[in-house]
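Remarks on the overall topology
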Amino acid sequence: MSGLDKRVGSYAEALDGLQDGMTVLAGGFGLCGIPENLIAEIRRRGVRDLTVVSNNCGVDGFGLGVLLEDRQIRKMVASYVGENALFEQQLLSGELEVELTPQGTLAEKLRAGGAGIPAFFTATGYGTPVAEGKEAREIDGRHYILEPAITGDFAIVKGWKADHFGNVVYRHTAQNFNPVVATAGRITVVEVEEIVEPGELDPTQIHTPGIYVDRLICGSFEKRIEKRTLRA
């Protein structure tokens, strides 16, 4: 147990224990709600041969994309390639092992991992390459495939506000994959924009209870926009 006060004093302390070959779960969707400073710390530490599970892999030069640049990721489990040209290049060249997973299935695999459910049946992907090598079963006249849950050595999460106990609130669409990722890590690290005193957060508004959080740090964020669209 990390104790009731989850705050740590540095990003180095936040990711203490991260080693080569580990599995890292990362919250966010595109560049919305990504733990950008924790990703930067992973890059600084220089750990390699990582398996990274996230909806996508950032963009060239930002987010998880910087780990691709330094060849720190061995395998990527994601829903789509997104706007990252380097991700596409490493995928097509065979340099990067990629497991493309339907988006809803990926979210449920993480949720199941956090809930202690080892696997579940889903109709999504049946009869497609997604189902290759997986158990199939017919239930009530419909075909399903068995999908294993996902857990990780570290889960890195971006929140909006948290109290000392690690109770976290996400802001609007930055909630995305962060709550399910937070439950599925052996060590869950959350970075937030503001840490408040216990009792300041409305209990009914908390998205991730502190029981799931091991380490908490307050940072400042660039919040880069992935694709800016302007209306004339």
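Up top is the structure.
Before going into details, it helps to say that this report is about the structure given with it. All figures in this text were calculated on a predicted structure; none of them were measured in a lab.

**Digging into the environment of leucine 4**
Note that leucine 4 resides in the segment before α1 (11-14). With 164 residues separating them along the chain, leucine 4 and valine 168 place their C-alpha atoms 14 Å apart. Sequence-distant contacts of leucine 4, defined by excluding residues within four places in its chain, comprise His164 and Phe165.

**Points about the packing of aromatic side chains**
Within this structure, the stated rule accounts for one aromatic pair. Just above the ring of phenylalanine 221 sits the side chain of lysine 158; from NZ or CZ to the centre is 4.6 Å. For the cation-ring pair, lysine 161 lies above tryptophan 160, with the distance from its terminal atom to the ring centre recorded as 4.7 Å.

**Observations concerning helix α5 (residues 103-115)**
Compared with an ideal rise of 1.5 Å per residue, which puts 13 residues at 18 Å, α5 spans 18 Å between its outermost C-alpha atoms and is within 8% of the ideal. Residues Thr105, Leu106, Lys109, Leu110, Ala112 and Gly113 constitute the buried set of α5. The buried residues of α5 occupy one face: seen down the axis, they fall within an arc of 160 degrees. On its buried face, α5 sits against β1 (23-26), β2 (50-53), β3 (73-78), β5 (119-122), β7 (142-148) and α6 (178-183). Just downstream of α5 lies glycine 116, where phi reads positive at about 80 degrees.

**Side note on the side chain of asparagine 84**
Structurally, asparagine 84 is set in the loop between β3 and α4 (85-93). In this structure the side chain of asparagine 84 is engaged in a polar contact, spanning 2.9 Å, whose partner is the backbone oxygen of cysteine 57. A polar contact is formed between the side chain of asparagine 84 and the backbone nitrogen of leucine 86, at a distance of 3.0 Å.

**Let's talk about the pattern of salt bridges**
Scanning the model with the defined rule gives 16 salt bridges in all. The salt bridge involving lysine 75 is made with glutamate 97; its shortest N-O contact spans 3.9 Å. Highlighted residues: lysine 75 in strand β3 and glutamate 97 in strand β4 (residues 97-100), separated in sequence by 22 residues. According to the relative accessible area criterion, lysine 75 is buried, its value standing at 17%. Taking the relative accessible area as the measure of exposure, glutamate 97 reaches 39% and is therefore partly exposed. For the salt bridge of glutamate 99 with lysine 75, the shortest nitrogen-to-oxygen distance reads 3.2 Å. Note that glutamate 99 is positioned in strand β4 and lysine 75 in strand β3, a separation of 24 residues in sequence.

Analysis parameters
Residues numbered from 1 in each chain as written. Predicted model: local features only at pLDDT ≥ 70, side-chain atom pairs only at ≥ 80, totals over all residues. Heavy atoms only, no water. Helix = DSSP H or I, 4+ residues; strand = E, 2+ residues; numbered from the N terminus. Contact = heavy atoms within 4.5 Å. Phe/Tyr/Trp six-rings, centres within 6.5 Å; stacked < 30°, edge-to-face > 60°. Lys NZ or Arg CZ within 6 Å of the ring centre and 35° of its normal. Expected span 1.5 Å × (residues − 1). Buried < 20%, exposed > 50% of the residue type's maximum accessible area, 1.4 Å probe, protein only. Arc of directions from axis to C-beta. Polar contact = N/O pair within 3.5 Å; in protein donor to acceptor, adjacent residues only side chain to side chain. Salt bridge = Lys/Arg side-chain N within 4 Å of Asp/Glu carboxyl O.

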